[in-house]
There are 2 protein chains.
Amino acid sequence: MATREVEFWYEFASTYSYPASMRVEPAAQAGVKLVWKPFLLGPIFAEQGWNDSPFNIYPAKGANMWRDLKRICDADGLKLTLPPHSFPQNGLKAARLAVLGERAGWTPEFSRLVYRANFAEQKDISDDKALKDILTTLNLDADATMAASQAPEIKSRLRRQSEEAKARGIFGAPSFMAGDELFWGKDRMSEAIAWAKRA
Amino acid sequence: MATREVEFWYEFASTYSYPASMRVEPAAQAGVKLVWKPFLLGPIFAEQGWNDSPFNIYPAKGANMWRDLKRICDADGLKLTLPPHSFPQNGLKAARLAVLGERAGWTPEFSRLVYRANFAEQKDISDDKALKDILTTLNLDADATMAASQAPEIKSRLRRQSEEAKARGIFGAPSFMAGDELFWGKDRMSEAIAWAKRA
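Bear in mind that the values here come from a model prediction, so they are computed numbers and not experimental data.

Give me the lowdown on the interface of chain A and chain B, citing residues and values where you can.
A common way to report how large an interface is uses the accessible area buried once the components associate. Taken together, the contact between chain A and chain B spans 20 residues of the former and 20 residues of the latter. Roughly 1900 Å² is buried in total at the junction of chain A and chain B, and carbon and sulfur atoms are behind 45% of that figure. Ranking the residues of chain A by area buried against chain B places Y58(A), R71(A) and R188(A) at the top, with a combined share of 29%. Residue R188(A) is joined to D68(B) by a salt bridge in which the shortest nitrogen-to-oxygen separation is 2.8 Å. Run the count over chain A and chain B and you get 14 residue pairs in polar contact (both at pLDDT 80 or more). Elements supplying a minimum of two residues to the side of chain A that touches chain B: α4 (59-76), β4 (181-184) and α10 (189-198) of chain A. Counting residues per element, the side of chain A that touches chain B draws most heavily on α4(A), at seven residues.

Got a sec to walk through helix α6 (residues 107-119) of chain A? Specific residues and values, please.
Residue and element names in this part refer to chain A. Its 13 residues place the ends of α6 18 Å apart at the C-alpha level, agreeing with the 18 Å of an ideal helix rising 1.5 Å per residue. Judged by how many residues are buried, α6 sits mostly within the fold: eleven of 13 residues are covered. Turning to α6, its buried residues are T107, P108, F110, S111, R112, L113, V114, Y115, A117, N118 and F119. Elements in contact with the buried residues of α6: β1 (5-10), α1 (17-28), β2 (33-38), α5 (92-104) and α7 (128-137).

What counts, and at which threshold
One numbering rule holds for all chains: residues counted from 1, following each sequence as written. The naming scheme follows written order: chains are lettered A onward, ligands numbered 1 onward. Residues qualify for local features only when their pLDDT is at least 70, as the model is predicted, and side-chain atom pairs are given and counted only at 80 or more; totals for whole chains, interfaces and linings, by contrast, use all residues. Processing note: side-chain calculations cover all non-hydrogen atoms of the structure and skip hydrogens and water entirely. In what follows, residue pairs with any heavy atoms lying within 4.5 Å of each other are defined as contacts. As a working definition, buried area equals the accessible area (1.4 Å probe) given up by two parts on being put together, with both sides summed. Take a side-chain nitrogen of Lys or Arg and a carboxyl oxygen of Asp or Glu: if they are within 4 Å of each other, that pair is a salt bridge. Two N or O atoms form a polar contact when they lie within 3.5 Å of each other; inside protein one atom must be a possible hydrogen donor and the other a possible acceptor, and for residues adjacent in sequence the pair counts only when both atoms belong to side chains. Secondary structure elements are taken from DSSP: a helix is a run of H or I of four residues or more, a strand is a run of E of two residues or more, and numbering for both begins at the N terminus. By definition here, a helix of n residues has an expected span of 1.5 Å times n minus one. Three exposure classes are used, based on accessible area relative to the maximum for each residue type with a 1.4 Å probe and protein chains only: buried under 20%, partly exposed in between, and exposed over 50%.

Right, dumping it as structure tokens:
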């Protein structure tokens, strides 16, 4: 492989993507180019017959996920204060904004702030006000940026990115790709980075 | 907690239980009492509406599991030569034998041999001959032991153990319990052991 690149595929409703988003850059450090890839998991889940998070559909799995996520956040020094009844949140608007930010380069910082709003600040990330507050924090023109994120070109870029995820075998979030090698889950973050460095 | 004990809950059809079974004792070492808990996942999956492995029901997830398992086995120096079309195997007879062996203490070694037969030797673990070969390797009277494993008491002990798994929140295998703290998956093996040692 020519470039040592790791793609970080994430969905704003995904619980384990929260600690992953906070830790992926320090984990990658020098030697690996990290590419943030927002996508929508909903259409992939829908094709599997799920119209809700599997953590809601399968309660025992869900109960253990919340406990496990708490242990991870405790170990990583991350706050976790999501009220479970608000899960999963609708991350469509946030994902369009994340796609919009790719060219200007504010996608990683924006994405971390969205995860914090969702999982540590009990905010509604489908709410325009919450998203505009984040854009303002990034010194962006909140109204103009929100409007730009609704452009057909952005909507279709997010759609294509989500289709690409599915075509490349992604079935959950976070996922990491080192070339064609797919690593699923925050647990595989370091392994994916090590794989890219070795390649 | 009075005793530093970790329960290793496993099901013979479970793919990740194979490397877990091979590595759990070295990982536990001194300071933790390891309790091997064979159980049946089928009834728990059936209640979730699955009459096959989720790795078969959801092909993208299944494809990544086989690749991920191969990476794990490579890293751990374990052979993996299961033909995927024979997955999952029926582990009922093996599980009854594992329950039978608890008192005499041959359950761990028996279980590792069953996993090896299933995942490294392409053997059919629902076949009496394959199981008897394993019992013979353990210097047991294969015919008498097979017969003893069919006793109503053993069948009902396995049934109760599987019901206990469900009652305690277990939804997949392998799982590890340190007291009431449930850790799901081979990825959580070390954390479960560390948790028990800290308690």
